[in-house]
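For reference, the chains in residue letters:
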Amino acid sequence: MGKRANPVDLNKLCKKFNEKFLLPLIQEKRENDFIRLHRGTLSVAKYQSQFTKLLKFAQKLVATERKRVRRFVQGLDVDIQEVLATTQINTFMEALEKV
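Participant: Is there a simple way to explain helix H1 (residues 10-36) in this structure?
Facilitator: For H1, which comprises 27 residues, the first-to-last C-alpha distance of 37 Å matches the rise-based estimate of 39 Å (1.5 Å per residue) to within 8%. The largest bend in H1 comes to about 45 degrees, at Asn18.

Given below as structure tokens:
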């Protein structure tokens, strides 16, 4: 009798497919979510939570601490931005403490 082919492991096949095709799509979507993130009607705490959650998907966009701070502040309301503009902020944690 002829050799029988190994049965396809559906879980492995799905995992490989997701790694190759789905994960990059999710990465792009989350990066776009990060780009569009603004405080709007969110509380500052909720905005900070969403910012931190999405940050890992946009590391290239905010590769330095200074860029993270700038992007976080840009997503806040203009009145909060104006108050923060008069203060010295060097780290993301300092920005959180001052809002």
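Participant: Explain the packing of aromatic side chains to me, please; I cannot follow it from the model alone.
Facilitator: Note on aromatic pairs: each is described by the distance of the centres and the angle between the planes. Under the criterion given, the structure shown has 6 aromatic pairs. Where Phe51 meets Phe72, the ring centres are 5.2 Å apart and the plane angle is 80 degrees; that geometry is what we call edge-to-face. Here Phe72 lies in helix H3 (residues 65-74) and Phe51 lies in helix H2 (residues 44-55), a separation of 21 residues in the sequence. Phe72 matches Phe51 in its accessibility class, with the two residues each being buried. Look at Phe72 and Phe92: their rings are 5.2 Å apart centre to centre, the planes differ by 85 degrees, and that puts the pair in the edge-to-face class. You can see Phe72 sitting in helix H3 and its partner Phe92 sitting in helix H5 (residues 92-98), a full 20 residues away along the chain. Considered together, Phe72 and Phe92 belong to a single accessibility category, that of buried residues. Through a chain of ring-to-ring contacts, three or more aromatic side chains come together here, namely Phe34, Tyr47, Phe51, Phe72 and Phe92.

Participant: Got a minute to help me understand the packing of H1 against H2 in this structure?
Facilitator: How two helices sit against one another is set out by the angle between their axes and by the gap between those axes. At a minimum axis distance of 9 Å, the contact between H1 and H2 shows a crossing angle of 145 degrees. Relative to H2, the crossing made by H1 is left-handed. Contacts between H1 and H2 involve Arg30, Asp33 and Phe34 from the former and Phe51, Leu54 and Leu55 from the latter. In the contact of H1 with H2, the residues fall into 4 nonpolar, no polar and 2 charged.

Conventions and cut-offs
- Residues numbered from 1 in each chain as written.
- Predicted model: local features only at pLDDT ≥ 70, side-chain atom pairs only at ≥ 80, totals over all residues.
- Heavy atoms only, no water.
- Helix = DSSP H or I, 4+ residues; strand = E, 2+ residues; numbered from the N terminus.
- Expected span 1.5 Å × (residues − 1).
- Bend = angle between axes of the 7 residues up to and from the residue.
- Phe/Tyr/Trp six-rings, centres within 6.5 Å; stacked < 30°, edge-to-face > 60°.
- Buried < 20%, exposed > 50% of the residue type's maximum accessible area, 1.4 Å probe, protein only.
- Axes fitted to C-alpha atoms, helices over the stretch in contact; angles between N-to-C directions.
- Left-handed = near helix turned anticlockwise from the far one by under 90°.
- Contact = heavy atoms within 4.5 Å.
- Nonpolar A, V, L, I, M, F, W, Y, C, P; charged D, E, K, R; others polar.

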